[in-house]
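Observations on the three-dimensional arrangement
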Amino acid sequence: MPVLVVGSLGLDTLTTPFGQVKEVLGGTTSYFALAASMYTDVQVVAVVGTDFPEEYRRVLDGRRIDLQGIQVREGKTFRWSGEYRFDMNLAQTLDTQLNVFADFHPRLPEEYRSTRYVFLANIHPALQLEVVSQVHRPKLVVMDSMNFWIEHSKASLTEVMRRSDVVLLNDAEVRQFAETPNLISGARHILSLGPRAVVVKKGEHGALLVSKEDGVFVAPAYPQEEVRDPTGAGDSFAGGVIGYLASRDDVSPQAMRRAIIHGCAVASFTVEDFSVRRLERLSSSEVRERYTLFRNLTQFTDEELGVGISQPPTPKS
Ligand code: AMP
């Protein structure tokens, strides 16, 4: 089954403790599409200006990625500039130039409207609602967002959550949205609005899946020592999760658990290099290998009761 993604596509200038790159391929859809295309066909709806480099279009074009939903508008492409210092979980936005993205209204090509797996990447919630109103009977709608929309457009963001099956947010966003310091109660608050599941992304600490059918599932992050650029980790996580589910056409609780691990595995590759470079040269056998490593990260065996556990003294009668 194909996956549809709607979001930003642009040029990023990124600074991390390991270097700087200028005007490289970025935007939520490029990370998502490259990650999800490891699993299935991807349809992209986004906008670029006439200055969008042909070589970047070719990076996406060479995969199982359909680009007919990309609008080309007279003007400049969306640009974002960010910096990471010592704490690589925290991106500091230095500059955002919306350019042609400022007037973006997603228009889905006719054949995308019946796509059953939909990812609403981080864009204005009103635009996410425009997407939802254009798709016919999707099986799984997953949404992402950010602190800016929680602060400035909470009502329409809440409406997007009501109309989504899965809400994907990072830990700080869950706390901010639910106005509680506790992630589990924050996730439960979001579940009470309607979605089946909430996925809490915790950067280098993995992810939590809180769902109505399956309770809480905890996924570790791969203990990655080679983090050069964390940009796009969240979007490639989403690409791994939804790409996997769509490739199996299965949204059962067990498939959701496996999907989360796929998301963690793909995202752990993204951060190894700047921009989408690592995703460009990623193979499915590498993803499979890392997926199996995740099992070992959390597996442990039972021991006979009492061994290694100090027993309370037996009361004397
Ligand atoms: P992530 O690191 O997964 O949160 O996403 C990084 C991508 O989000 C970068 O490639 C940016 O181009 C893109 N981005 C940054 N700010 C925005 C914004 N306000 N709206 C849409 N996309 C954005």
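Our structure is the block above this text.
Position labels on residues start from 1 in each chain and follow its written sequence. Local features in this predicted model are restricted to residues whose pLDDT is 70 or higher, and side-chain atom pairs enter the listing and the counts only when it is 80 or higher, whereas totals over whole chains, interfaces and linings include all residues. Side-chain metrics rest on all non-hydrogen atoms present in the structure, leaving aside hydrogens and water.

**Digging into the pattern of salt bridges**
We define a salt bridge as a side-chain nitrogen of Lys or Arg found within 4 Å of a carboxyl oxygen belonging to Asp or Glu. The full count for this structure, using the stated rule, is 17 salt bridges. In this structure, aspartate 273 engages arginine 281 in a salt bridge whose closest nitrogen and oxygen atoms are separated by 3.2 Å. When accessible area is computed with a 1.4 Å probe and restricted to protein chains, residues below 20% of their type maximum are described as buried, those above 50% as exposed, and intermediate ones as partly exposed. Residue classification places aspartate 273 among the buried positions, given a relative accessible area of 14%. Relative accessible area serves as the criterion here: at 49%, arginine 281 is assigned to the partly exposed category. Within the structure, one salt-bridge network assembled from shared partners comprises Glu272, Arg278, Glu286 and Arg290.

**Side note on the side chain of threonine 15**
Every helix listed is a DSSP run of H or I at least four residues long, and every strand listed is a run of E at least two residues long, numbered separately from the N terminus. Relative to the assigned elements, threonine 15 resides in strand β2 (residues 10-16). Polar contact is the term for a pair of N or O atoms within 3.5 Å; when the atoms are in protein, one must be able to donate a hydrogen and the other to accept it, and sequence-neighboring residues count only if both atoms are side-chain atoms. At 3.1 Å, the side chain of threonine 15 and the side chain of glutamine 20 are in polar contact. The contact definition used throughout considers only heavy atoms, calling two residues in contact when any of these lie within 4.5 Å. With residues up to four places along the chain from it excluded, the contact list for threonine 15 reads Gln20, Gly82, Glu83 and Tyr84.

**Brief notes about the site of the ligand**
Among the 16 residues in the neighbourhood of the ligand, the closest are listed as Ser8, Asp12, Gly27, Gly232 and Asp235. Aspartate 12 places a side-chain nitrogen or oxygen 2.5 Å from an oxygen atom of the ligand. Measuring from an oxygen atom of the ligand, one finds a backbone N or O atom of glycine 27 at 2.7 Å. Breaking the shell around the ligand down by element, the ones donating at least two residues are α1 (28-36), β6 (78-83) and α8 (233-248). Here the shell around the ligand gets three residues from one element, more than from any other, and that element is α8. Per-class residue counts for the shell around the ligand are six nonpolar, eight polar and two charged. Here a residue is considered near a molecule or strand provided that any single heavy atom belonging to it is located within 4 Å of it. Basically, the charged four are Asp, Glu, Lys and Arg, the nonpolar ten are Ala, Val, Leu, Ile, Met, Phe, Trp, Tyr, Cys and Pro, and anything else, Gly included, counts as polar.

So far we have only geometry, and geometry alone does not tell us how the molecule works.
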